[in-house]
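# Architecture at a glance
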Amino acid sequence: MQQDLQQGQDEVAQPEGNNPRKPKNEVLEWIKAIAIALVLVVLIRWLLFKPFIVDGPSMQPNFHTGERVIVNEILYDIRSPKRGEVIVFHVPSEGRDFIKRVIGVAGDTVKVEGDVVTVNGEPVSETYIQGAIDESHKNNALYNDKNFPNEKFTDGKVPEGHVFVMGDNRSDSTDSRMIGYVSLGEIVGRADLIFWPVKDISVINH
């Protein structure tokens, strides 16, 4: 009984102010902990996720100029992009980055004719712009005025190591219909979150 009581007493935590074993260099330990935390934040911030600013109308109505998005830079090191995903990629000929939506992946045959997009002969259900398409049709107009394949790019089959992308604002977007297929090596990552402005905060629907 006495032994059990003694063990229980040993297990009771001492109040911080009464701990005789309190290290004298506690301030230094706190500084180390904060420094480690800052390093981890920086690593996560710059190596895994990166913020980008949307500039231009090419992804309307889903993205607008001035919006800030978080891009997942590690995802495509694990797997390849999938149809419907919104990606950020480098365009060397333009000297800047674009944000577009993946329509076709390697091996797919893509055709864009008016407002009908087909992949491997099957129409793509583009719910993310259906409202804008319907609005254009009410006004007896097409939402898209740039087709593919075309005179510049005559082969509609996506080559290995590439994707076919388009902006959601089909008549006001510079994308694979004009610049060709996007190499996987040029892809920065997948846009996963709109974090600014506050009223637009949302997880991006792929």
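Scroll up to find the structure this text is about.
Below you will find a few notes about this structure. (Residues numbered from 1 in each chain as written. Predicted model: local features only at pLDDT ≥ 70, side-chain atom pairs only at ≥ 80, totals over all residues. Heavy atoms only, no water.)

When its volume is computed, the largest pocket comes out at roughly 320 Å³. Lining of the largest pocket is provided by 17 residues; of these, D55, R96, D97, F98 and I99 occupy positions nearest its centre. For the lining of the largest pocket, the secondary structure elements donating two or more residues are β1 (49–53) and β4 (96–105). The greatest single-element share of the lining of the largest pocket, amounting to five residues, is contributed by β4. Broken down by class, the residue content of the lining of the largest pocket amounts to eight nonpolar, four polar and five charged. (1 Å grid on protein atoms, 1.4 Å probe; cavity = no way out; pocket = protein on both sides within 12 Å on 5 of 7 lines; lining within 4 Å. Points joined across faces, edges and corners; volume = space filled by probe spheres on them. Helix = DSSP H or I, 4+ residues; strand = E, 2+ residues; numbered from the N terminus. Nonpolar A, V, L, I, M, F, W, Y, C, P; charged D, E, K, R; others polar.)

Attention shifts here to empty space enclosed by the protein. Counted under the stated rule, the structure contains one cavity of 30 Å³ or more. One number sums up the size of the largest cavity: a volume of about 40 Å³. V112, G114, D115, V116, V117, E126, I129, I133, Y143, N144 and R170 together form the lining of the largest cavity. Split into classes, the residues belonging to the lining of the largest cavity amount to six nonpolar, two polar and three charged.

Turning our attention to the pattern of salt bridges. Under the counting rule described, the total for this entry stands at 12 salt bridges. The shortest N-O distance in the salt bridge between K50 and E73 comes to 3.6 Å. Here the residue K50 occupies a position in strand β1, and E73 occupies one in the loop between β2 (68–72) and α3 (75–78), the gap between them amounting to 23 residues. By relative accessible area, which is 18% here, E73 ends up buried. Here D108 and R83 are joined by a salt bridge, their closest N and O atoms 2.8 Å apart. Here the residue D108 occupies a position in the loop between β4 and β5 (110–113), and R83 occupies one in the loop between α3 and β3 (86–91), the gap between them amounting to 25 residues. (Salt bridge = Lys/Arg side-chain N within 4 Å of Asp/Glu carboxyl O. Buried < 20%, exposed > 50% of the residue type's maximum accessible area, 1.4 Å probe, protein only.)

This paragraph deals with the pairing of strand β6 (residues 116–119). With four bridges joining them, β5 and β6 adopt antiparallel strand pairing. From the neighbouring strand, K111 faces β6, where its bridge partner is T118. Between β5 and β6, which follow one another and run antiparallel, lie two residues, and G114 among them has a positive phi close to 65°. In the sheet, β6 pairs with strand β7 (residues 122–123) via two bridges, with the strands oriented antiparallel. Note on β7: the bridge partner recorded for T118 is P123. (Pairing = 2+ DSSP bridges.)

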